[in-house]
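Spelled out, the chains give:
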Amino acid sequence: MLQDQEALFITLGRKGENGIRRLQGNIVASFPDAVADPDPEKMRAITRVILEEFTSGRVDRVVLVSTDFVSIMAQNAKARAILPVTLAEAEQALEEYAPEVSGEDEVSQTAEYLFEPSPRAVLESMLPRLIEIELLHALLESKASEESARMLAMRNATDAANDMVSAYTLTYNQLRQQKITQEIAELSAGMAAVGS
């Protein structure tokens with residue numbers, strides 16, 4: 001976003017769209033079904049909008065905000081700049097996604113390569129694919145976070161229901177035992193009254 005302009009948003013999923021609308025954000029495009037069924041074909045449409053906004057100069061930076069799955073108990077919000085691409089961010093992404101590859105020796109990183117077609121043509125064909133992969137990865141992480149949160153909520157609900165069943169069973173058994181004890185006491189008192 002340019003310094004004197006407000007942020008523009010491209011939302012993925014209904015909740016994201018509703019949240020940005022509540023904040024009165026400026027939504028450029030919305031893809032409500034992208035989260036429900038993460039699909040590479042849907043990522044192409046989203047990537048086209050992102051690249052159009054970036055290359056037209058309406059935005060000077062594109063940041064992807066998503067949920068990052070850490071474990072069943074932990075999911076973290078994550079914001080990551082995807083455009084413009086910097087060397088530091090590319091190395092960080094490489095370390096994050098493929099830590100065993102990022103430790104290559106310095107000789108291979110300083111070697112010169114001859115690109116055919118030109119580096120610009122390679123970048124222009126690869127950049128959309130990289131953005132698509134980044135978007136798909138973020139959606140899959142978000143989907144995993146959602147499913148783990150749902151699984152945890154169901155487990156907690158099941159545990160609470162089992163605790164309630166145990167408590168009610170104990171209360172029922174105590175009341176039944178009191179009733180039986182009361183009936184025995186009444187029978188004993190009645191037999192004692194008849195016998196005297």
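Structure's up top.
Every residue gets a number counted from 1 within its own chain, in the order that chain's sequence is written. Selection of residues for local features in this predicted model requires a pLDDT of at least 70, selection of side-chain atom pairs for listing and counting requires 80 or more, and totals for whole chains, interfaces and linings are taken over all residues. In computing side-chain properties, one takes all heavy atoms of the structure into account and sets aside hydrogens as well as water.

Novice: Mind showing me how you'd approach the overall build of the protein chain here?
Specialist: Only runs of H or I of at least four residues qualify as helices and only runs of E of at least two qualify as strands under DSSP, and these elements are numbered from the N terminus. Looking only at helices and strands, the protein chain has six helices and four strands in total. Mapped in sequence order, the helices and strands of the protein chain form the string β-α-β-α-β-β-α-α-α-α. Carbon and sulfur atoms make up 59% of the accessible area of the protein chain, which totals about 14,200 Å². Areas reported as accessible are Shrake-Rupley estimates using a 1.4 Å probe. Residue values count occlusion only from the protein chains shown.

Novice: What is the right way to look at the pattern of salt bridges in this model?
Specialist: When their charged atoms lie close together, side chains carrying opposite charge are able to pair. By convention in these notes, a salt bridge is any Lys or Arg side-chain nitrogen within 4 Å of a carboxyl oxygen on Asp or Glu. Under the definition given, this model contains eleven salt bridges. With its nearest N and O atoms 3.3 Å apart, the salt bridge here joins R14 to D33. Taken together, the residues span a long stretch of sequence, with R14 in helix α1 (residues 14-22) and D33 in the loop between β2 (26-31) and α2 (40-55) at a distance of 19 residues. Residue exposure (1.4 Å probe, protein chains only): buried if accessible area is under 20% of the type maximum, exposed if over 50%, otherwise partly exposed. The exposure class of R14 is exposed, given its relative accessible area of 53%. You can call D33 partly exposed: its relative accessible area is 40%.

Novice: Explain α2 to me, please; I cannot follow it from the model alone.
Specialist: Working note: α-helix, 3.6 residues per turn, so residues spaced by three or four point in the same direction. Here the expected length of a helix is defined as 1.5 Å per residue gap, with one fewer gap than residues. With 16 residues, α2 should cover 22 Å at 1.5 Å per step; its first-to-last C-alpha distance of 22 Å lies within 8% of that length. Residues of α2 that are buried: M43, I46, T47, V49, I50, L51 and E53. Contacts between residues were defined by any pair of non-hydrogen atoms, one from each residue, lying within 4.5 Å. Of the surrounding elements, those touching the buried residues of α2 are β1 (8-12), β2, β3 (62-69), β4 (75-83) and α6 (119-195). Once α2 finishes, G57 follows within two positions and takes phi at roughly 90 degrees, a positive value.

Novice: Would you take a moment to explain a nonpolar patch on the surface for this structure?
Specialist: Residues enter patches when they are more than 30% accessible in relative terms and free of salt bridges; like-charged ones are connected within 9 Å and nonpolar ones (Val, Leu, Ile, Met, Phe, Trp, Tyr) within 5 Å. A surface patch of nonpolar side chains, about 300 Å² in accessible area, is lined by I72, M73 and M151. Topologically, M151 is positioned in helix α6. For M151, a relative accessible area of 39% translates into the label partly exposed.

Novice: Help me understand the pairing of β4 in this model?
Specialist: Within a regular strand, side chains alternate between the sheet's two faces. The pairing criterion is simple: DSSP has to find at least two bridges between the two strands. Where β3 meets β4, eight bridges bridge the pair, whose relative direction is antiparallel. Bridged to V62 within β4 is L83. Counted between consecutive antiparallel strands, the loop separating β3 from β4 contains five residues.

Novice: Please explain the nonpolar core as it appears in this structure.
Specialist: Residues L12, F31, I46, I50, L83, I131 and L135 are the most contacted members of the largest nonpolar core, which totals 21 residues. Going through the elements one at a time, β2, α2, β3, β4 and α6 are the ones with two or more residues in this core. Counting residues per element, this core draws most heavily on α6, which supplies six residues. Other than its neighbours up to four places away in sequence, L12 contacts F31, A34, V35, I46 and L139. Buried Ala, Val, Leu, Ile, Met, Phe, Trp, Tyr and Cys residues that are joined via side-chain atoms within 4.5 Å together make up what is termed a nonpolar core.

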